[in-house]
Every structure is written in C-alpha cells, then in structure tokens.
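Inside the fold
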Amino acid sequence: MSSLVPSKSSVSSDEDTVAQSLRGRGMEKLDDWCGKWSDGCNPILIKETRQALKSRQFIVTFSLLLFVALSWTIIGTFSLMPAIYTTPSAPPMMLGYYFVLALPMLLVVPLAAYRSLECEIDDGTLELLSITSLSPWQIVLGKLASAMLQMMLYFVVLFPCIAYAYTLRGVDFPTTVALLVMLVFAGAMMTVVALFFAPMSRSRTGRVAMLLVIIFLLFVAEWVLGLFAYDLIEYGFDLSIGFDEGWVFVAGLVLVCPAFAYLLLTLAAAQLTPASENRSTGIRWALLFLTATSAAWVALGSNSEEFSRGFAEELLYIAGVILVIVWTLAGSMLVSESAVVTPRVRRDLPQSFLARATLGWLTPGPATGLVFSVINMVVLASLVSFFMFATDQWGGGFSPRSSRILNQFIFALVAYQTCGLVLVYFLMRLLRRNNNPRVEVGAAALAVVGVFSALTPFGIELYSNDFRQFPYSNLQATNWVWTLYSILDGDDRSGVVSCFAFLGVIGVVWVLYLNPMLVRPLRTATPERVKQELEKAKLARKKSRIRSSRQELADDIENEFG
Amino acid sequence: MSHEQTDDNAGAVSPSESQQAAFSMQQHAQGHEDHEQRRAVPAVHGQSDDCIEMRRLHRFFGTTKAVQDISFSVKRGHVFGYIGPNGAGKTTSMRIMATLDLPSYGDVFIDGLSCVNDPELVRNRLGFMPDAFGTYRDVNCREYLDFFARAYGLAGAERTRRLAWVLGFTGTEGMANKPIRGLSKGMKQRLCLGRTLIHDPAVLILDEPAAGLDPRARIDLRRMIRDLANQGKTVLISSHILTELAEMCDSVGIIEQGKLLATGTVEEIEQQQVATSELTLRILDRAEQASTVLKDLPLVSNLLCDGDLVRFEFSGDTREQAELLAMLIRKDFAVAECTAHRKSLEDVFLQVTEGLVQ
C-alpha cells in the first residue's frame, strides 16, 4: 500500500521536473518566437546589434554611463543637502543627467554609425553586401535602426535617474518630456548626418577629412543643444507662448526635419547603389518632398495671424537659406549627370504621354535635371511672393518697399541661378567628351562660374578706374554679388533681372532643343525571360512563406501534444 | 498601342550590332554625348546552355584598357581556370561578372541573364569570393554565415539547414562559435567559401582562393571545388598556382594585358600553341649513326647527341612519332627508351604569355 502512495519528496521532485520542462518549453517557444520575429527584421540591424553589444566601445560607454550617472546622483544629492528636502532641486540634477546622456546619444552613437558604414567600405564588406539581396536603402536603414537601438539602451539606463530628478521638483513634466524628445530627435538627426557623410569619400585623405567634418558637426550640435537644454531646464517649457508659434515651430520640426533626413538617407543610399541602377529619380523625389514640406511650413506660418506678425521674416529667411543652399548644390549636380540611360533604367521610364509630361523630369539626365531644378526654383520664388502677399492680410511685417525688394531679390537669385546652371550644363557636356566626372564636379563648376562672373567685370572696371571706387554700372550685370547687394540696398535693378531671366529662358529652351529625345518614349520592354524569372522568384517567396507557416503549425502541434 | 522597343529577341550580337558597337565606341572615345545613349550595351539574353558566357567584354579606365574584347563560355558543372599575370584584367572581368562593376562595352551572361541589365537576378545565382576576406569584428563564424544567409533572404528552417550544410562542407563546425579574427588564414578562406555557398548558387566565381594557403589547405580546397563541380555547380577560378589549376580545371583561359590569348582544355591549348614536342631517345651502340639519320628528317630539328642519348624537337603528331620509332627499329637501331616531354600548364602559360604588364 505504502508503495502506491507517493512519498512527499518524490512528489516534489516530479513537480520540479514538470516545472523545469514547462520552463524549458516556455524558453523554447520564446526562442522560436524570437527567431521568427528576427526573420522579418533587417539583417543589418541584427548583425550590427550583435556586433555592438560585444564591442569594446559599447561596453566602455555603457559602463562609463552607469558610473558617471551613479556618481552624479551621489555627488549631486549630497551637494544639494539639506535644501533638497525643502526647495525644488531638480534643475541642477536634470542638467547633469542631460549631459551624461547627451554625450553618448549625440556623439558616441552617431560616430559609431559613421564608423560602421565607413568600415564596410574600407574592409570591402560593402561589396559583399552589394551582391546579396539587400538593397542600399536596407543597409542605410539597418545602420540607423541599430544606432537608434543603442540610443534606446542608453536612454533606458538613465531613465530612473531622470525620474529621480523629476521627483526633486523644479522641472515640470512638459519640460522633461520636451528635453528627452529633443535629445532623441537630435540624436537621430545627427546619426542621419553621420551616415550621409560616411560613404562620401573613398580615398584615405577624403575619409580623414570627412571624419573631421563630422566630429566638428557633432561637437557643434552638442554645444548648441546643450545651451538650448540649459535654457529649457532653467526657464521651463513655456506653454504660455502663443499656441500658433509653438504649433508652427513643431510643424516645422515634424515636416522639414524628416524631409531633410529622408533626403540625406536617399543620398547615402544612392552613394552605395551600383552605377547601372537609377540613382537620380529617388533623389529628385526626396528634393521634391523637402521643397513641398518647406513650402507647406511657410504656408502654415503665413496662415497663422500671430505668427505672421511676429516671425514672418525669420521664418522666410530660415526656409529661404535652407532651400537656396539645397537647390544650388542639387541643381549643379543634377545638370552634371551623365546622359547615358542604361537599358535597365529605360525599362522603368514613364511611357504614356501624360506620364512623360509629368514624370519625365524625374528621370535621370542633365537636361531633365536642369528643367526640374529651374521649375522648382521658380515655383519656390512664386511661393515666397505669395507668402508676402498672404502675410499682408494680417498686417504682417512686410512694407510695400521691403516686399518689392524681397521680390526682386528672389527673382534675381533665380535668374542668376538658372543662367549659372545652363553654363554648368554646357561645361559638363564639354568635360564629358573625354572624361567621366563625378556629379560633385558640377558643384565645383558652378562655384567657378560664380566667382569668375562676379570678379571679371569688377576687376576690369576697377582697373579702368585706376583702382578707385566706382558706382554700379551695367557692366556689373554679371556681378551677381554686387547686383543682389544693390537690390537689398533698395536700388531698382529690374532691367538686369529681366535680362538675366530672359537669358535663362533662352538657355533652358536651347538645352531642350539639343535634347529632342526627352519628349519621345525611351522605354524598352522587359525581356520575357526576366519577367518569367521575376514571377518565379515571387512564387518561390510565396511557397517559402507557406512552407514556413506549415512548419510552424507542425511545431506547435508537436509542442502541444508531444 | 505600345511604343516599347523590344530587346529580348537578340540571342547573339549580330554583325550590324558589332558594327554599331565599334561605331559607338569610337564615338565614346570622341565623347559625343548623344551617341553615348546608343553606346549602351544591347540588352540581349543568351539562349545557349552555357552557364557563364562572356561576350565581347571591354573595360577601360581612362586610357588603360583593363579588358579588351574577351569572349568565352563555360558549360554547366565545369571548372574554368582563369590564368594571367598580375594586372592582366582577371579581377576586373570577375568583378563585372559579380555585378560589382560595369563594362565599357559587352556583357556577361550568367545562366542566360545579363549582369548589366538584370544584376539582382544574377546575384541570386552567383557566389563571389573576392581575394580579400571581408570579415567583421566582434562576430563569430556562425553569426557571420547567419548574417549572409539572412542577407540572401533565407529564413527559418531553410536558413538553419543551409547553415548546417555549409559548416559541414567547409569543415568549420568545430569553430562555429569562435570569433573570426582569431582564425587562421586557411580557416578564414574556408569560411569565405562557406559564405559564397550559403545561398546555394549555381555559379561560383573564386578570385585567388588558394593564395597564401599551406599545401594541406590547398589540397582540401581543391577537393571542395571538385566536389562542388560534381554537384553541378559551375566554377570560375583564378589562381597563380598553375599546377593546381591544371589538376582541377576542365578548361582554362589565359589572359594577358586584358586580352584572352588562349582558351580550351590544357591539351587543346598545348596543341594550339605548341608546334613541337621534345623527344629523348636512348639508343644503344650506334647513337651517333642514328642521329645522322634523324637529322635528315624534315620533322626533326635542334638535334643533340650525348652518349647514347639523342634529344631533338619533333614537329609531328603522335602517329608520326610512332612511325619515326618504327623506322629506327626497322633500321636495326636498338631503341631502348623513348621519352616525350609533356608540357605542363606552366610551360604553356610561359609560352603563351610574354610577361607584359599594363
């Protein structure tokens, strides 16, 4: 009888075994689930995370972060004693934690992302990745995602410290949230900038120069955001400022920064894309997106009465400066593209008349690039005029005189820019006869054109006047620096502007005349064999998914019923 | 109504296309932009059974002509040896095959698909092993292979299966969890071969895989390559170790200064290139007299008599060689031994190439 009754110890050991097996099965299930989940992840993210978690850089940074955060908690708390019990003491503690967190998030992680992509190029692993199924976009996004993951780890580690600082009173909840959002947002943006610079140069000297540039930019960002964070913590996130102002500011961040990040990532991916593929159309879409979001931002600002009165000029100058720089660089590079369109790219060209009329300017080539740039610049200039008109209805900051000056200045800028791009187009066409220059040469050519067009008439007239001062004359028409300066000074230069606008139009028409093929359908059919192969690949993927889900089902049944 | 121009009917480059190509290249040299559009490589798709087909491949770097009009093909399951001195254009043409570079003119077809126009379809069929290792820091062998399996789109059980197969085939199971940086050169090379095989490609392009390996590692590599060929994979391999290539390759191509000088099996090239063979006869007693007889024969040259050894260059084929021996025996010369010196791949290579470097 006694043998039929299990002893207490044997019951407990059976329970242990069952519990262990359940735990084991639970872990197996978790492992399986993680494995399945990782199949859907970007392979670069998985590889980078594995690498980063084992790297000396991460271990050192993580340990230092913990040590410094703990040290600051102890030192800060004791230095604030005994007032800490009676007075709000969060600001100094929060500022300390901000700097502890900002160092890895704004400096270490972006630099690590830069080095990671640079090493892929340096060690030759990028070539190995280029022949896999991974697209350049996946490579860049994988690096960005890995950097964000590292940032999250640092953030999670310091979260209890920030919560502790918050309980000390003196920094309200919106300020704390604004501080952290700003840090994450800035960290992500700086990582994007670092990834943009990483593939820019393939030579050793160039890479060293790029590294110096990125380190400089990261330190500047660290400094500027540090000042901003100090102000934020010291004075708090002022919710009492006009809702319009805050809203337009946030809209600017939400609209323009992601568009700018998208452009930089597209440029980084384009630098990793093989030459046979279409790198230009994606960049043009990204430029269009940036221009559209900037215009939307300006439109939002002009629609807001309070904002128009207070910040109209500042908004216009910020947006204007960004777009002038972007379009000067982009335009000069677009007109420097090679006119050769590979058969592969020609398969995806727009085909119908409507598609060619609307999307034709997004296809690769210098002539389409010129038209695309000029149209965008003219649209932007028109938008600025409209903006000035719109702000007038709120009694905005533009007097009729300043409206006239600004209008003339902007259209003069567009006219000079157009003429410069036409000249660069012909210079690059000449250069491409015996060479295959990079598109960056176009930017250099525009700079040379700009310098010579300004200095030559100035030098001639200075010489003819025996090096004495002389007033503006029509000979200085090509001297865009003096002309623009004199327009801002209030002089009427409508004659010069009209003349250059006319020359610009003639130049664009001449370029179009030289490229009659632009209006014809250039698309080639995809070969039957390729179509079949693509279909086969799609089918194989479907089959693989079905097989995988069947296998999962079988595994589940086996786990459930043994 | 479709305005599309079809480009999939051309199975081979027609004479008109060749003329157009030559014209286009001339225009390219002159740099005329409009003609550059026409210069683009015709998007033809090979219809033949050859797994690798290089068609009129050219690659220029400024004035340097790295590859000049190279055409050859490799049959499925064959091992092709690509031989040439440093700077001959081997790596350049292999990089074009691997879709890492674009030709100035011409195209390469892998399994009938163009490396220029359909690189993503080619990549699924191709495994490329460059001369550099291309490894990562802080990653072990299993993680490294797993990463490339994921990068090729392998998921779930299929990835696990391929990973196990590759580790087994390359003999790296024992070091699967070891960091790559600690591996010997031979083991790294095995790992890189594993990476090349991870997505089960039909074509393998191996650039100097045996460079710097010890004899045992070289033998292992040779065995692995032959195994892969037996499994139906087409292998194109470049190497400086010519004796090894001779043993494992079904055919070879000799390239110098960007030009393909000879292609075929080693024997075929030997026959193409070598007009004479070196014969050594041991004739007992009357060697001097035999040499006088041989001297008068039109197929014999550079005769040298040293004791009972008679050495000479013979420009006939093997049948004529047999007839020569029969004639000597009929004339009562005691021919005790006949040695025909068989030219090695190294000899052929030296004879074909001139040692010119660009």
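Note that the structure is predicted; figures quoted are calculated from it, not measured. (Residues numbered from 1 in each chain as written. Chains lettered and ligands numbered in written order. Predicted model: local features only at pLDDT ≥ 70, side-chain atom pairs only at ≥ 80, totals over all residues. Heavy atoms only, no water.)

**Focus on the overall build of chain A**
When you go through chain A residue by residue, the secondary structure sums to 19 helices and zero strands. Pairs at least 24 residues apart make up 80% of the contacts formed inside chain A by residues separated by at least 6 positions. When the accessible area of chain A is evaluated, it comes to approximately 29,500 Å², of which 70% is carbon and sulfur surface. (Helix = DSSP H or I, 4+ residues; strand = E, 2+ residues; numbered from the N terminus. Contact = heavy atoms within 4.5 Å. Areas by Shrake-Rupley, 256 points an atom, 1.4 Å probe, with all protein chains shown as cover.)

**Observations regarding helix H6 (residues 136–167) of chain A**
Residue and element names in this part refer to chain A. Here H6 contains 32 residues, and its C-alpha end-to-end distance of 46 Å stays within 8% of the 46 Å for a straight helix at 1.5 Å per residue. By the largest-angle criterion, Leu158 marks the main kink of H6, which is about 40°, and a proline, Pro160, follows within four residues. Positioned one or two residues after H6, Arg169 has a phi angle of 65°, which is positive. (Expected span 1.5 Å × (residues − 1). Bend = angle between axes of the 7 residues up to and from the residue.)

**Details of the domain arrangement of chain A**
When cut into domains, chain A gives domain 1 (19–239) and domain 2 (526–562). Averaged C-alpha coordinates put domain 1 of chain A and domain 2 of chain A at centres separated by 38 Å. (Domains from an automatic or database assignment.)

**Some words on the packing of helix H2 (residues 43–54) of chain A against helix H3 (residues 56–80) of chain A**
All names here are of chain A. Following both chains from N to C, one finds H2 and H3 inclined at 60°, their axes separated by 5 Å at the closest point. Looking at the two axes, H2 sits oblique to H3. Packed against H2, whose contacting residues are Ala52, Leu53 and Lys54, the element H3 presents Arg56, Phe58 and Ile59 at the interface. (Axes fitted to C-alpha atoms, helices over the stretch in contact; angles between N-to-C directions. Parallel < 35°, antiparallel > 145°, perpendicular 65-115°, else oblique.)

**A few points about the sheet that holds strand E5 (residues 113–114) of chain B**
Strand order in this open sheet of four strands is E2-E1-E4-E5 (chain B), and the pairing throughout is antiparallel. The sheet is open, and its two edges are formed by strand E2 (64–74) and E5 of chain B, each paired on a single side. (Pairing = 2+ DSSP bridges.)

**A closer look at the interface of chain B and chain A**
Contacts between the two partners involve 61 residues from chain B, matched on the other side by 54 residues from chain A. Carbon and sulfur atoms supply 51% of the area buried between chain B and chain A, which totals about 5,000 Å² over both sides. At the boundary of chain B and chain A, one finds seven salt bridges. For B:Arg159, the salt bridge identified is with A:Asp39, shortest N-O distance 2.5 Å. (Buried area = accessible area lost by both parts, 1.4 Å probe. Salt bridge = Lys/Arg side-chain N within 4 Å of Asp/Glu carboxyl O.)

**So, the state of the cysteines**
All names here are of chain B. Summed over the entire model, instances satisfying the criterion amount to zero disulfides over all chains. Here Cys192 is not cross-linked by a disulfide; its sulfur's nearest cysteine counterpart is in Cys141, at 9.8 Å. Looking at Cys305, it has no disulfide partner, and the nearest cysteine sulfur is the one in Cys338, 15 Å off. You can call Cys305 partly exposed: its relative accessible area is 26%. (Disulfide = S-S within 2.5 Å. Buried < 20%, exposed > 50% of the residue type's maximum accessible area, 1.4 Å probe, protein only.)

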